[in-house]
Amino acid sequence: MYKQKVEVGSNDINALYELRVSSLFKIMQDVIMHHTEVLNIGVKVTNEENVAWVILRMHVEIKKTPKYQQELTFFTYPNETRGFLYPRQIQVYDEKGDLNINISSLWTLINKKDRKPVTNSRIENSIKGENHENELPLPGKVKIEEAPLIYERKIQYSDVDLNGHLNNTKYIEIFENIHNTEFYKTHKIKSIDLNYLKEIKEGQTIKISANMHDNEEFVRFDVDDELCFIALIKY
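Bear in mind the structure is a predicted one, so any value in this text is a computation, not a measurement. (Residues numbered from 1 in each chain as written. Predicted model: local features only at pLDDT ≥ 70, side-chain atom pairs only at ≥ 80, totals over all residues. Heavy atoms only, no water.)

A look at the overall build of the protein chain
Inference 1: Along the protein chain, the regular secondary structure elements total five helices and eleven strands.
Inference 2: Compactness check: the protein chain gives a C-alpha radius of gyration of 17 Å against a globular reference of 18 Å for 235 residues, within 12% of the reference.
Inference 3: Reported as C-alpha extents along the three principal axes, the dimensions of the protein chain are approximately 50 × 50 × 30 Å.
Inference 4: Of all 235 residues assigned to the protein chain, the portion counted as buried reaches 49%.
Inference 5: Long-range contacts, defined as pairs at least 24 residues apart, comprise 71% of the intrachain contacts of the protein chain with a sequence gap of at least 6.
Inference 6: With the model as given, the accessible surface of the protein chain reaches about 11800 Å², and the carbon-plus-sulfur share is 46%.
Inference 7: The centroid of the 31 positive side-chain charges in the protein chain is displaced by 2 Å from the centroid of its 36 negative side-chain charges. (Helix = DSSP H or I, 4+ residues; strand = E, 2+ residues; numbered from the N terminus. Rg over C-alpha atoms; globule rule 2.2 N^0.38 Å. Buried < 20%, exposed > 50% of the residue type's maximum accessible area, 1.4 Å probe, protein only. Contact = heavy atoms within 4.5 Å. Areas by Shrake-Rupley, 256 points an atom, 1.4 Å probe, with all protein chains shown as cover. Lys, Arg positive; Asp, Glu negative; His and termini not counted. Charge placed at Lys NZ, Arg CZ, Asp CG, Glu CD.)

A short note on the packing of aromatic side chains
Inference 1: Following the criterion strictly, the structure yields eleven aromatic pairs and no others.
Inference 2: Between the aromatic rings of Phe-183 and Tyr-235, the centroid separation amounts to 5.3 Å while the plane-to-plane angle is 85°, which identifies the pairing as edge-to-face. One end of the pair, Phe-183, is in helix H5 (residues 181–186); the other, Tyr-235, is in the segment after strand S11 (226–234), and 52 residues separate them in sequence. The pair Phe-183 / Tyr-235 is uniform in exposure class, with both members buried.
Inference 3: Judged by centre distance (5.1 Å) and plane angle (55°), the rings of Tyr-196 and Phe-229 are tilted. Residue Tyr-196 is found in strand S8 (residues 191–196), and its partner Phe-229 is found in strand S11; the two are separated by 33 residues along the sequence. (Phe/Tyr/Trp six-rings, centres within 6.5 Å; stacked < 30°, edge-to-face > 60°.)

Here we look at helix H1 (residues 21–38)
Inference 1: For H1, built from 18 residues, the straight-helix expectation of 26 Å at 1.5 Å per residue is met to within 8% by its first-to-last C-alpha distance of 26 Å.
Inference 2: Among the residues of H1, those classed as buried are Val-21, Ser-22, Ser-23, Leu-24, Phe-25, Ile-27, Met-28, Val-31, Ile-32, His-35 and Thr-36.
Inference 3: Immediately downstream of H1, the backbone of Asn-40 shows phi near 65°, a positive value. (Expected span 1.5 Å × (residues − 1).)

Topic: the pattern of salt bridges
Inference 1: Per the counting criterion, the structure on display carries 16 salt bridges.
Inference 2: Here Arg-220 ties to Glu-146 by a salt bridge, and the two come within 3.6 Å at their closest N and O atoms. Separated by 74 residues along the polypeptide, Arg-220 in strand S10 (residues 216–223) and Glu-146 in the loop between helix H3 (121–124) and strand S7 (149–154) bring together distant segments of the chain.
Inference 3: Glu-216 serves as the salt-bridge partner of Lys-234, at 3.8 Å between the closest nitrogen and oxygen. Note that Lys-234 is positioned in strand S11 and Glu-216 in strand S10, a separation of 18 residues in sequence.
Inference 4: Given the relative accessible area of 33%, Lys-234 is considered partly exposed.
Inference 5: Shared partners join several salt bridges into a network, and the residues in it are Lys-26, Arg-153, Asp-159, Lys-170 and Glu-173. (Salt bridge = Lys/Arg side-chain N within 4 Å of Asp/Glu carboxyl O.)

Some details on the packing of H1 against helix H4 (residues 168–176)
Inference 1: Interaxial distance between H1 and H4 falls to 8 Å at its minimum, and their mutual angle equals 175°. Between H1 and H4, the angle falls in the class roughly antiparallel. Taking contact as the criterion, the partners of Val-21, Ser-22, Phe-25, Lys-26 and Gln-29 in H1 are, on H4, Asn-168, Thr-169, Ile-172, Glu-173 and Glu-176.
Inference 2: In the contact of H1 with H4, the residues fall into three nonpolar, four polar and three charged. (Axes fitted to C-alpha atoms, helices over the stretch in contact; angles between N-to-C directions. Parallel < 35°, antiparallel > 145°, perpendicular 65-115°, else oblique. Nonpolar A, V, L, I, M, F, W, Y, C, P; charged D, E, K, R; others polar.)

Some remarks on unusual backbone geometry
Inference 1: A positive phi is found at Gln-69, a non-glycine position, where the angle reads about 70°.
Inference 2: Position of Gln-69 among the secondary structure elements: in the loop between strand S2 (51–62) and strand S3 (71–78).
Inference 3: Relative accessible area serves as the criterion here: at 49%, Gln-69 is assigned to the partly exposed category.
Inference 4: In this model, Asp-214 sits at a positive phi of 55°, which is unusual for a non-glycine residue.
Inference 5: Tracing the backbone shows Asp-214 in the loop between strand S9 (205–213) and S10.
Inference 6: When its relative accessible area of 74% is taken as the criterion, Asp-214 is described as exposed.

And the structure:
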């Protein structure tokens, strides 16, 4: 298990002094990257093997929203590898030791050239699956549905990561912006289920669609009439 302390900074919060979900994902991504370097399966190794880590699914439960200047402790560890699927757990505790956020995720390795999932014995042998208290089941599929178009957004230079596609944290930032501060004053996110279905590249234009049912919101991203991403947010 890997542990890292993080203080919620001014760039991480919204106008309510609460940690934005997109900021949570950015911090979480950095923590996971640090852990891959510790395990010797980070950027240097993936470049040598001509593979890249990509996320497939994620389930997030927010029990308590962290605030400005809170010190948080992120714990993360891999579960047992399942073929070309790499499960990973993330738990976020506050200064009192209370579990604020619990996350399960599913990752894979893709070949950088043909972008298809691969297995890699060098990397697999460096990963020792663990199980600990409070971990969640692996994330499942989000049910696909139709939804009205909210807005369109072209993917630009600053949206793209080291893998040459839209960074997974940017998906969260984009769907966060469907709503404004007034909405988030009365709608606190309790859980999120994410399915990343197809890479989105620089220069492509996303159609962002959403549908609200009571306290549940379905979001989908389409590019050229092809479904690329779906999410279910519960408030």
